[in-house]
Amino acid sequence: MSTTNESKIVLVTGGSRGIGKSIALHLAKRGIGVILTYNSNANQANAVVDTIKGAGGKAVALQLDASKTASFGDFAVQVSQVLKTEWDRNDFDYLVNNAGIAQRTLIQDTTEEIFDELVDTNFKGVFFLTQRLMPLITDGGQIVNISSGLARFAFPGVAVYGALKAATEGLTRYFAKEYAARRIRVNSVAPGAIDTEFGGGKGDESHRNQIASMTALGRLGLADDVGAFVASLLSEDSRFVNAQRIEVSGGIYI
Ligand SMILES: NC(=O)c1ccc[n+]([C@@H]2O[C@H](COP(=O)([O-])OP(=O)(O)OC[C@H]3O[C@@H](n4cnc5c(N)ncnc54)[C@H](OP(=O)(O)O)[C@@H]3O)[C@@H](O)[C@H]2O)c1
């Protein structure tokens, strides 16, 4: 196992925009090599890669649809090839399962199609991608699953999404249990309301003010708030933190 940040490598799903982009940039700033994925936004993914390279870091962007489990085998082969060609390694150190989608519908309006799309992307994809990449993760490495404050509190219109994030937090503990022999730490990070384009963004001024008023620190979160925290979690300073859910929300709905 490698010991310095310079030789560490992270794979961040959904690293082209929002929270995943911030996680990628914060880790790159710490000297960590970055493999980031995008679904459809190649340009934005390449811009993140260029930013990292421009600052003297190393990064590669790969396409991945987190809802298409049938593609995960080929994706793992691509990851192996990139590890070899870019870093001369066979494994990587950190996996951040960040890619996700939102679909706002009340329970009475939720179709099976919406339900399945949410399950495939936000839960089934996380399980099978992690399972598939496990042989490529270094013993003593780490996994972070991005959850949501909505796993703790309920809000109309996000029943399936919130329940799946709660399921991901459960899965986090099971992965930590089953991979303990390999000393792989697995934690979930639950952002509060973060100002990204997620689910169409955070709405008009009055909605944003309402969210801020429900938050102890009095503002919406920024992608950077989460990126900075995940970078600190993926460091030696957090070496005994395992199988936990940590909320990065400024204290929303407390
Ligand atoms: N923003 C919030 O308020 C908030 C709060 C709590 C939790 N979260 C969680 O934080 C994570 C990131 O959210 P965000 O706010 O950064 O969202 P975002 O700004 O919408 O970015 C989403 C990222 O995920 C990728 N993505 C979308 N669908 C995908 C798919 N089917 N397969 C693979 N990648 C896909 C996107 O790639 P493209 O650029 O190619 O589309 C993009 O990189 C999600 O898991 C979300 O549930 C967000």
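Here the structure is a predicted model, which is why all the values come from computation and not from measurement.

## Here we look at the sheet that holds strand S2 (residues 33-38)
The strand order across the open sheet formed by 7 strands is S3-S2-S1-S4-S5-S6-S7, and the pairing between neighbours is parallel. Across the chains shown, the open sheet's two edge strands, defined by having one partner strand only, are strand S3 (59-63) and strand S7 (245-248). The average angle at which neighbouring strand axes cross in this sheet is 20°, direction not considered. Judged from the 5 bridges that link them, strand S5 (residues 137-146) and strand S6 (residues 185-191) form a sheet pairing that is parallel. When the bridges of S6 are listed, Ile143 appears paired with Val186. Packing of helix H3 (residues 72-87) onto the sheet brings it into contact with strand S1 (9-12), S2, S3 and strand S4 (92-97), and relative to S3 it is tilted by some 165°. Each of S1, S4 and S5 is contacted by helix H4 (residues 112-133), which is oriented at about 175° to S4, the strand it contacts most.

## What to know about the packing of aromatic side chains
Enumeration over the complete set of coordinates arrives at 6 aromatic pairs. When the ring of Phe155 is compared with that of Tyr253, the centres are 6.3 Å apart and the planes differ by 50°; the resulting orientation is tilted. Linking Phe155 in the loop between S5 and helix H5 (159-178) with Tyr253 in the segment after S7, this pair joins segments that are 98 residues apart in sequence. Note on Phe155: relative accessible area 31%, which makes it partly exposed. These aromatic residues form a ring-pair network of at least three members: Phe127, Phe128, Phe175 and Tyr179.

## Describing a nonpolar patch on the surface
Residues Phe155, Met214 and Tyr253 make up a contiguous nonpolar surface patch of about 240 Å² in total accessible area. By the secondary structure assignment, Met214 is in the loop between helix H6 (205-213) and helix H7 (223-233).

## Some remarks on the side chain of Thr168
Following the sequence through the fold, Thr168 ends up in helix H5. Given a relative accessible area of 2%, Thr168 falls into the buried group. A polar atom in the side chain of Thr168 sits 3.5 Å from the backbone oxygen of Asn122. Here Thr168 is in contact with Asn122, Phe123, Val126 and Asn145, once residues within four sequence places are set aside.

## Regarding the packing of helix H1 (residues 18-29) against H7
Where H1 meets H7, the axes come as close as 8 Å, and the angle between the chain directions of the two elements is 45°. For the element pair H1 / H7, the angle class is oblique. The way H1 lies across H7 gives a crossing that is right-handed. Contacts from Gly18, Ile19, Ser22, Ile23, His26 and Leu27 of H1 reach H7 at Ala223, Asp224, Val226, Gly227, Ala228, Val230 and Ala231. Of the residues that constitute the contact of H1 with H7, the class distribution is 8 nonpolar, 4 polar and 1 charged.

## Topic: the site of the ligand
Surveying the vicinity of the ligand reveals 31 residues, the closest of which are Ser16, Ser40, Asn98, Tyr161 and Thr196. Between the ligand and Ser16 there is a distance of 2.7 Å, counted from an oxygen atom to a side-chain nitrogen or oxygen. Across the complex, the protein chains shield 94% of the 910 Å² of accessible surface that the ligand would expose by itself. If you list the elements that add at least two residues to the shell around the ligand, you get H1 and H5. Of the residues that constitute the shell around the ligand, the class distribution is 12 nonpolar, 14 polar and 5 charged.

## Comments concerning the confidence of the model for the protein chain
With 98% of its residues at a pLDDT of 70 or more, the protein chain shows a mean pLDDT of 96. Taken element by element, the predicted model of the protein chain shows its lowest mean pLDDT in H6 (93) and its highest in S1 (99).

Parameters at a glance
- Residues numbered from 1 in each chain as written.
- Predicted model: local features only at pLDDT ≥ 70, side-chain atom pairs only at ≥ 80, totals over all residues.
- Heavy atoms only, no water.
- Pairing = 2+ DSSP bridges.
- Helix = DSSP H or I, 4+ residues; strand = E, 2+ residues; numbered from the N terminus.
- Axes fitted to C-alpha atoms, helices over the stretch in contact; angles between N-to-C directions.
- Contact = heavy atoms within 4.5 Å.
- Phe/Tyr/Trp six-rings, centres within 6.5 Å; stacked < 30°, edge-to-face > 60°.
- Buried < 20%, exposed > 50% of the residue type's maximum accessible area, 1.4 Å probe, protein only.
- Patch = residues over 30% accessible without salt bridge, like charges linked within 9 Å, V, L, I, M, F, W, Y side chains within 5 Å.
- Areas by Shrake-Rupley, 256 points an atom, 1.4 Å probe, with all protein chains shown as cover.
- Salt bridge = Lys/Arg side-chain N within 4 Å of Asp/Glu carboxyl O.
- Polar contact = N/O pair within 3.5 Å; in protein donor to acceptor, adjacent residues only side chain to side chain.
- Parallel < 35°, antiparallel > 145°, perpendicular 65-115°, else oblique.
- Left-handed = near helix turned anticlockwise from the far one by under 90°.
- Nonpolar A, V, L, I, M, F, W, Y, C, P; charged D, E, K, R; others polar.
- Near = heavy atom within 4 Å.
- pLDDT = per-residue confidence, 0-100.

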